[in-house]
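Structure at a glance
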Amino acid sequence: TCTWCVTQDITFRYNQVRNVGGGFTLSGSPDNNYADTPARRITIMHNIVQSINTGIFDGIGQGVLLNGNLTDIVFAHNTIIDPTSAAVSFGGSLNEPIVRLSLRDNIIGGGVSGVKGSGVAGGSASIAAFAPSAYFAGNVITMTAGATGYPAGNSYPGSLSAIAFASSASFDFHLLASSVYRLKAVDGTDPGSNVDAVLSAVSGVIVP
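Keep in mind that this is a model prediction, so the values were computed, not measured.

Let us now look at the sheet that holds strand E7 (residues 86–91). Taken together, the four strands give an open sheet; going across it, the order is E2-E4-E7-E10, and neighbouring strands pair in parallel fashion. Each edge of the open sheet is held by one strand with a lone partner, namely strand E2 (24–26) and strand E10 (115–117). With direction set aside, neighbouring strand axes in the sheet form an average angle of 15 degrees.

Counting residues in each nonpolar core, the largest one holds 30 residues, and the members touching the most others are Leu66, Phe75, Val88, Phe90, Leu101 and Val115. Secondary-structure elements contributing two or more residues to this core are E2, strand E3 (40–52), strand E4 (62–67), strand E5 (71–76), E7, strand E8 (99–104) and helix H1 (124–130). Of all the elements, E3 adds the most residues to this core, at four residues. Apart from the residues within four sequence positions on either side, Phe75 is in contact with Phe24, Ile44, Val64, Ile80, Ser102, Leu103, Arg104, Asn106 and Ile108. Within the second largest apolar cluster, 11 residues are counted, among which are Val140, Leu175, Tyr181 and Val195.

Take the pattern of salt bridges next. Within this structure, the stated rule accounts for five salt bridges. Within the structure, one salt-bridge network assembled from shared partners comprises Arg104, Asp105 and Asp187.

Turning our eyes to something else, we now look at the packing of aromatic side chains. Going through the model one piece at a time under the given rule, you end up with six aromatic pairs. Note on Phe12 and Phe24: the rings are 5.8 Å apart at their centroids and 75 degrees apart in plane angle, and the pair reads as edge-to-face. Remark: Phe24 occurs in strand E2 and Phe12 occurs in strand E1 (residues 8–20); sequence separation between them is 12 residues. Residue classification places Phe12 among the partly exposed positions, given a relative accessible area of 32%. Residue Phe24 is classed as buried on the basis of its relative accessible area of 12%. Ring geometry for Phe24 versus Phe75: centroids 5.6 Å apart, planes at 75 degrees, classification edge-to-face. Residue Phe24 is found in strand E2, and its partner Phe75 is found in strand E5; the two are separated by 51 residues along the sequence. The rings of Phe12, Phe24 and Phe75 are connected pair by pair, giving a single aromatic cluster.

Attention shifts here to the environment of Pro38. Tracing the chain through its elements places Pro38 in the loop between E2 and E3. Looking at Pro38, the relative accessible area reads 22%, which means it is partly exposed. The spacing of Pro38 and Val6 is 32 residues in sequence and 7.0 Å in space, taken between C-alpha atoms. Apart from the residues within four sequence positions on either side, Pro38 is in contact with Thr7, Gly28, Ser29 and Asn69.

Looking at where Lys116 falls in the secondary structure, it is placed in strand E10. Considering only alpha carbons, one finds Lys116 and Ser159, 43 residues apart in sequence, at a separation of 19 Å. Setting aside residues no more than four positions away along its own chain, Lys116 makes contact with Val88, Ser89, Phe90, Ala121, Gly122 and Ser126. A polar contact of 2.5 Å, which involves the side chain of Lys116, links it to the backbone oxygen of Val120.

Backbone torsion omega between Ile81 and Asp82 reads -10 degrees, so that peptide bond is classified as cis. Residue position: Asp82 is located in the loop between strand E6 (79–81) and E7. Positive phi, normally seen in glycine, also occurs at Asp9, with a value near 55 degrees. You will see that Asp72, though not glycine, has its phi angle at about 55 degrees, which is positive. With respect to the helices, strands and loops of the structure, Asp72 is situated in strand E5.

What counts, and where the lines are drawn
Throughout this document, residue positions are counted from 1 along each chain, in the order its sequence is written. Where local features are concerned, this predicted model is filtered to residues with pLDDT of at least 70; where side-chain atom pairs are given and counted, the filter is 80 or more; whole-chain, interface and lining totals use all residues. Side-chain numbers here rest on the full set of heavy atoms in the structure, without hydrogens or water. Two strands make a pair as long as DSSP finds a minimum of two bridges between them. Helical segments are the DSSP runs of H or I of at least four residues, strand segments are the runs of E of at least two, and each set is numbered from the N terminus. Axis definition: a line fitted to C-alpha atoms, limited for helices to the stretch in contact. Angles are taken between N-to-C directions and run from 0 to 180 degrees. By nonpolar core we mean a set of buried residues, namely Ala, Val, Leu, Ile, Met, Phe, Trp, Tyr and Cys, connected to one another through side-chain atoms within 4.5 Å. Working definition: with a 1.4 Å probe on protein chains only, accessible area under 20% of the residue-type maximum means buried, over 50% means exposed, and in between means partly exposed. In this description, contact between two residues means that some pair of their heavy atoms is separated by no more than 4.5 Å. Within this document, salt bridges are pairs made up of a side-chain nitrogen of Lys or Arg and a carboxyl oxygen of Asp or Glu, the two lying within 4 Å of each other. Two rings from Phe, Tyr or Trp (for Trp, the six-membered ring) form a pair when their centres sit within 6.5 Å of each other. Planes less than 30 degrees apart are called stacked, planes more than 60 degrees apart edge-to-face, and all others tilted. Any pair of N or O atoms that falls within 3.5 Å is considered a polar contact. Within protein, one atom must be able to donate a hydrogen and the other to accept it, and sequence-neighbouring residues count only if both atoms are side-chain atoms.

This is the structure we're talking about:
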């Protein structure tokens with residue numbers, strides 16, 4: 001009954017997330033019938049997410065799930081390896097589209113579905129249906145089945161190996177100097193997370 005409660009003005013950055021059932025899930029409104037202010041002004045930047053939906057860490061396997069009625073969401077410069085179901089999933093109602101979504105400069109495994117909303121074709125069609133004002137650019141999304149119908153201004157390699165990480169087997173997600181994606185983010189830097197900044201932020205963290 002807390003009708004005045006809100007989720008807003010949040011920044012989540014410089015984190016290493018591993019052994020999870022899925023990546024990020026953002027929902028505009030709680031699942032109740034009370035009046036509330038939908039979630040807004042959330043920024044997720046420079047995070048590394050790895051080992052998704054593998055072994056005992058099972059789940060829906062998405063890179064990011066965005067449920068409707070969100071406002072002012074920035075999802076930028078994240079490296080997400082390797083979601084099994086989708087890079088980006090859109091949920092919620094088509095009558096409550098996401099307002100001002102910026103999804104840029106990420107490296108994300110495409111999974112089975114790539115970028116997809118329920119009941120709508122993947123790629124540009126889903127973005128237009130669920131987030132018509134979205135800025136979607138500078139992303140590197142692996143698409144084994146091809147990227148017909150996906151927005152221009154992004155890259156769609158066929159595999160992780162084509163991205164040319166320093167050593168994905170050793171979880172070193174720096175881009176090699178030979179990578180064709182070096183300095184191809186819309187801000188002129190490398191797409192994906194700032195690996196050095198993430199490693200510095202988590203240095204000394206004791207992992208059980």
